[in-house]
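Chain residues, written in single-letter form:
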Amino acid sequence: MAFEHVLPLVLFAAVATITPGGATALATASGAHFGFGRSVPLMTGIAAGLASMAAAAALGLGGMLLALPTLQLALKAIGTLYLLWLAWRIGRSGPPQMDKNLARPQSFIGGIWLLWYNPKGWAMTSGAAVSFAALAASPAELAVLLGTVFGVAAIVSLSLWCVAGQVLARRLTAVWQWRVLNMLLAFLLAASIIPMWLP
């Protein structure tokens with residue numbers, strides 16, 4: 001398959017993953033508190049979650065989940081509580097050396113969970129599966145293509161956000177600066193819930 005045929009999908013995935021949201025706020029906070037190396041499990045979990053979500057959407061699971069309003073509501077409620085809990089932990093934390101609430105970074109599984117609960121993510125990946133179905137000869141081939149493109153795009157964009165958090169951490173010298181950063185990241189993470197509840 002020629003790259004020019006896949007380029008629109010690559011651009012779509014790049015824009016979808018680089019724009020600020022819950023995953024990018026969490027990657028930035030993790031980079032600021034734990035550095036790049038200790039944030040790798042979280043970032044790979046988020047990327048794996050998005051890749052598997054895109055693959056599942058290509059195989060039809062996304063459409064089925066979106067067709068069940070009760071399941072969507074349950075996913076929204078559980079996901080909202082999880083993100084609010086994470087935002088609360090980030091907002092209450094101080095500088096890394098003084099931090100007791102964020103003693104370790106989020107895990108690989110936590111990264112996957114962050115993606116799989118989100119009905120907006122299912123809608124986005126299902127839309128991508130429909131829009132780019134012509135790129136593949138079968139649903140299985142489309143699942144591999146979407147999973148690969150979204151997974152790679154996610155790991156690249158999350159790495160950039162994580163490094164941005166690490167750079168910010170080097171520039172912060174006072175406790176109040178950390179408080180402001182943590183509150184801002186907590187607010188962004190909590191605000192990322194709003195689109196999930198919009199029709």
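Our subject is the structure that appears above.
Heads up: these notes are all about the structure in this document. Computed from a predicted structure; not experimentally measured.

Conventions adopted
Residues numbered from 1 in each chain as written. Predicted model: local features only at pLDDT ≥ 70, side-chain atom pairs only at ≥ 80, totals over all residues. Heavy atoms only, no water. Helix = DSSP H or I, 4+ residues; strand = E, 2+ residues; numbered from the N terminus. Rg over C-alpha atoms; globule rule 2.2 N^0.38 Å. Buried < 20%, exposed > 50% of the residue type's maximum accessible area, 1.4 Å probe, protein only. Contact = heavy atoms within 4.5 Å. Areas by Shrake-Rupley, 256 points an atom, 1.4 Å probe, with all protein chains shown as cover. Expected span 1.5 Å × (residues − 1). Core = buried A, V, L, I, M, F, W, Y, C linked by side-chain atoms within 4.5 Å. 1 Å grid on protein atoms, 1.4 Å probe; cavity = no way out; pocket = protein on both sides within 12 Å on 5 of 7 lines; lining within 4 Å. Points joined across faces, edges and corners; volume = space filled by probe spheres on them. Nonpolar A, V, L, I, M, F, W, Y, C, P; charged D, E, K, R; others polar.

1. Details of the overall build of the protein chain
At step 1: Scanning the protein chain for helices and strands turns up 9 helices and 0 strands.
At step 2: Mapped from its N terminus to its C terminus, the protein chain presents α and β elements in the order α-α-α-α-α-α-α-α-α.
At step 3: Relative to its length of 199 residues, the protein chain is compact, with a C-alpha radius of gyration of 17 Å against a globular reference of 16 Å.
At step 4: When its C-alpha atoms are laid out on the principal axes, the protein chain stretches across 55 × 40 × 25 Å.
At step 5: Every one of the 199 residues in the protein chain was classed for burial, and the buried ones make up 48%.
At step 6: Partitioning the intrachain contacts of the protein chain with sequence separation of at least 6 by distance along the chain shows that 85% fall at a separation of at least 24.
At step 7: Carbon and sulfur atoms provide 75% of the accessible area of the protein chain, an area that totals close to 9700 Å².

2. Details of helix α8 (residues 175–191)
At step 1: Look at α8: 24 Å from first C-alpha to last across 17 residues, which is about the 24 Å you get at 1.5 Å a residue.
At step 2: Taken together, the buried residues of α8 touch α2 (22–58), α4 (69–92) and α7 (139–171).

3. Details of the nonpolar core
Note that soluble globular proteins tend to have their nonpolar side chains buried in a common cluster.
At step 1: Core analysis: the largest hydrophobic core is formed by 51 residues, its most contacted members being Leu9, Leu114, Leu146, Phe150 and Leu189.
At step 2: In terms of residue count, α2 provides more of this core than any other element does, 16 residues in total.
At step 3: Every residue in contact with Phe150, bar those within four places of it in the chain, is listed here: Leu9, Phe12, Ala13, Thr17, Leu50, Ala54, Met124 and Ala128.

4. Observations regarding the layout of surface pockets
At step 1: By volume, the largest pocket is sized at about 650 Å³.
At step 2: Every residue lining the largest pocket is counted, 26 residues in all, and those nearest its centre are Ala16, Pro20, Gly21, Gly22 and Asn118.
At step 3: For the lining of the largest pocket, the secondary-structure elements that each account for two or more residues are α1 (3–18), α2, α5 (108–116), α6 (119–131), α7, α8 and α9 (194–197).
At step 4: With 5 residues, α2 is the largest single contributor of residues to the lining of the largest pocket.
At step 5: Split into classes, the residues belonging to the lining of the largest pocket amount to 17 nonpolar, 8 polar and 1 charged.

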